[in-house]
Amino acid sequence: MTRDSARSTFQVMDTRLSRLRPGPLTFDCALAVVLVLVAELQIWVGDGAGRYETVAASIAPPLAGTVAVRRLYPTVAGVLAQGVMALTFGVWGDTQIFGSSIAWFCALYGLTVWSTPRRFLAGAAFVFISNLAAGAGSAGSMQRSVPFAVVTLVVMLLIRRVLGDHERRVQLAERERDVAAREAVVEERARIARELHDAVAHNVSMIVVQAGAERRVVDGSTREVLQTIEQIGRGALTEMRRLVGMLRADEAEPLAPQPGIRDLPTLVTQVREAGLPVELHVDGEPRELPVGIELSAYRIVQEALTNALKHAGEARASVRVHYGPDSLELEIADDGADASAPETDGGHGLVGMRERVALYGGRFDAGRRPTGGFAVRVLLPIR
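Only a predicted model underlies this, so the values are computations on that prediction, with no experimental measurement involved.

**With respect to the overall build of the protein chain**
Line of reasoning, step 1. Secondary structure summary: the protein chain contains 11 helices and 5 strands in total.
Line of reasoning, step 2. Considering the protein chain as a whole, with its 383 residues, one finds that 40% of them fall into the buried category.
Line of reasoning, step 3. For the protein chain, the share of sequence-separated contacts (at least 6 apart) that also reach a separation of at least 24 residues comes to 72%.

Below is the structure:
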């Protein structure tokens, strides 16, 4: 295995592992399991629950369960946890189980931070009243319950004020990023559709022209076949223009043919003149490829070099094109030390590259190189 292939394998493994990292819901479920185990160990191994071991052991699982669902149902989880704790304190007193207390706090945190304003006010009122009511039980104490209820309410209001606003801003920013990403995908797909329309329309036009020319010099059934091909081709062109006309909007019709791999030397020269030293390497047996593959390969190299020009700083870049038996492989790499990533500049270059590769069922990999710089690796299958 070569050094580059080993690096590529490492990056793919790192990407897959990052997808397996636990999310917030998984973390809450794991925390709930840990809190149950901690509470049960304290109850049955230690002497924290005193003579109410059965009661403490019974309330530990439902309290921990509220932690597992606090992000999905923050109001329900907080109210349920508070109700269980208030009922337990009012009837049996404070069982002093560490795991259950932490679960109660986590559930109230969810109620405070993630619930809507109206539900938070209702939940906070329930917490305050239930804490006061718990002190009126036979095992409770009003002298302890009143300060506890006031402090709990004040802490909830402070957390709501400080962290709740921050959480809502983060959620709003995430939604805006999701919307922007979806819009970028739609724009890139429209752009790809326009470019592919130009390339395919050119080929269909050539078929129509050649069929029409041949029809004029042949007789008999062959002439009828060519006439049918010409008619079908013209109809296809008309429908394609009508379909893609919606995508063009105010965009003018292109006057030049769509570029392909044969135009990469010119592109590399332009990038060099712009200030980025680039080397182009082509290996394998060059051959005629489907026009869509040619266009996608050119656009991917163009976008990757543009990103390198903007983000790599003082660096050098290389472009490798490999013709395989049934695939076309591209690698665009630079050795820049700039810490900014291409996708943080407000553009959507990587989105466009991914969409082009996905269109043909290929593989796309982009990320930091272990030795510094950034690399884009693409495999486009040729069927």
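**Re the packing of aromatic side chains**
Line of reasoning, step 1. Within the structure shown, the criterion is met by 2 aromatic pairs.
Line of reasoning, step 2. With a centroid separation of 5.7 Å and 90° between ring planes, the pair formed by Tyr109 and Trp114 is classed as edge-to-face.

**Quick look at empty space enclosed by the protein**
Line of reasoning, step 1. Overall, the coordinates contain 2 cavities of 30 Å³ or more when judged by the stated rule.
Line of reasoning, step 2. Listing elements by their share of the lining of the second largest cavity, those giving two or more residues are helix H7 (142-215), helix H10 (291-311) and helix H11 (349-359).
Line of reasoning, step 3. Sorting elements by how many residues they give to the lining of the second largest cavity places H11 first, with 4 residues.

**What about the sheet that holds strand E1 (residues 278-284)?**
Line of reasoning, step 1. Overall, mixed pairing links the 5 strands, which are arranged E1-E2-E3-E5-E4 in an open sheet. In this open sheet, the two edge strands, each paired with only one partner strand, are E1 and strand E4 (363-368). The average undirected angle you get between the axes of adjacent strands in this sheet is 10°.
Line of reasoning, step 2. Pairing geometry for E4 and strand E5 (residues 374-381), over 6 bridges, is antiparallel.

**Focus on the confidence of the model for the protein chain**
Line of reasoning, step 1. In this model, the protein chain carries a mean pLDDT of 78, and residues with pLDDT of at least 70 account for 75%.
Line of reasoning, step 2. Predicted confidence is poor over residues 1-20, with pLDDT under 50, and the contacts of this stretch with residues over four places away or in other chains come to 16 contacts.
Line of reasoning, step 3. Taken as a whole, residues 343-347 scores under 50 in pLDDT and shows 3 contacts with residues more than four places along the chain or in a different chain.

**Remarks on helix H9 (residues 264-274)**
Line of reasoning, step 1. Those residues of H9 lying buried are Leu264, Leu267, Val268 and Val271. End-on, the buried residues of H9 take up no more than an arc of 100°, which puts them together on one face.
Line of reasoning, step 2. The inward-facing, buried residues of H9 contact E1, H10 and strand E2 (317-323).
Line of reasoning, step 3. Note on H9: the residue one or two positions beyond its end, Gly275, has a positive phi of about 120°.

**Looking at the packing of helix H3 (residues 53-68) against helix H5 (residues 98-114)**
The geometry of a pair of packed helices is captured by two quantities: the angle between their axes and the separation between those axes.
Line of reasoning, step 1. Look at H3 against H5: their axes get within 8 Å of each other, and the N-to-C directions meet at 35°. The way H3 lies across H5 gives a crossing that is left-handed. Each of Ala60, Leu63, Ala64, Thr66 and Val67 in H3 lies in contact with H5, whose residues at this interface are Ser100, Ala103, Cys106 and Ala107.
Line of reasoning, step 2. Residues belonging to the contact of H3 with H5 are distributed by class as follows: 7 nonpolar, 2 polar and no charged.

**What to know about the nonpolar core**
Line of reasoning, step 1. Val278, Val301, Leu305, Leu328, Leu330 and Ile332 are the most contacted members of the largest nonpolar core, which totals 32 residues.
Line of reasoning, step 2. Residue assignment for this core shows that the elements contributing at least two residues are H9, H10, E2, strand E3 (327-334), H11 and E5.
Line of reasoning, step 3. Examining the composition of this core, we find that 8 residues originate from one element, H10, more than from any other.
Line of reasoning, step 4. Other than its neighbours up to four places away in sequence, Val278 contacts Val268, Val271, Arg272, Leu305, Ala317 and Val319.

**Examining the environment of Leu267**
Line of reasoning, step 1. You can see Leu267 is positioned in helix H9.
Line of reasoning, step 2. Distance in space between the C-alpha atoms of Leu267 and Tyr298 is 8.8 Å, their sequence separation being 31 residues.
Line of reasoning, step 3. Beyond its immediate chain neighbours, meaning those up to four positions away, Leu267 contacts Tyr298, Val301, Gln302 and Leu305.

**A word on the pattern of salt bridges**
Line of reasoning, step 1. Per the counting criterion, the structure on display carries 7 salt bridges.
Line of reasoning, step 2. One salt bridge connects Arg377 with Glu331, and the closest N-O pair in it is separated by 2.8 Å. Of this pair, Arg377 sits in strand E5 while Glu331 sits in strand E3, and the two are 46 residues apart along the sequence. For the pair formed by Arg377 and Glu331, the shared burial category is buried.
Line of reasoning, step 3. Within the structure, one salt-bridge network assembled from shared partners comprises Asp283, Arg320, Glu329, Glu331 and Arg377.

**A few points about the side chain of Thr75**
Line of reasoning, step 1. Relative to the elements of secondary structure, Thr75 occurs in helix H4 (residues 74-92).
Line of reasoning, step 2. Using a relative accessible area of 17% as the deciding quantity, one classes Thr75 as buried.
Line of reasoning, step 3. Apart from the residues within four sequence positions on either side, Thr75 is in contact with Leu111, Ser115 and Arg119.

Criteria and cut-off values
- Residues numbered from 1 in each chain as written.
- Predicted model: local features only at pLDDT ≥ 70, side-chain atom pairs only at ≥ 80, totals over all residues.
- Heavy atoms only, no water.
- Helix = DSSP H or I, 4+ residues; strand = E, 2+ residues; numbered from the N terminus.
- Buried < 20%, exposed > 50% of the residue type's maximum accessible area, 1.4 Å probe, protein only.
- Contact = heavy atoms within 4.5 Å.
- Phe/Tyr/Trp six-rings, centres within 6.5 Å; stacked < 30°, edge-to-face > 60°.
- 1 Å grid on protein atoms, 1.4 Å probe; cavity = no way out; pocket = protein on both sides within 12 Å on 5 of 7 lines; lining within 4 Å.
- Points joined across faces, edges and corners; volume = space filled by probe spheres on them.
- Pairing = 2+ DSSP bridges.
- Axes fitted to C-alpha atoms, helices over the stretch in contact; angles between N-to-C directions.
- pLDDT = per-residue confidence, 0-100.
- Arc of directions from axis to C-beta.
- Left-handed = near helix turned anticlockwise from the far one by under 90°.
- Nonpolar A, V, L, I, M, F, W, Y, C, P; charged D, E, K, R; others polar.
- Core = buried A, V, L, I, M, F, W, Y, C linked by side-chain atoms within 4.5 Å.
- Salt bridge = Lys/Arg side-chain N within 4 Å of Asp/Glu carboxyl O.

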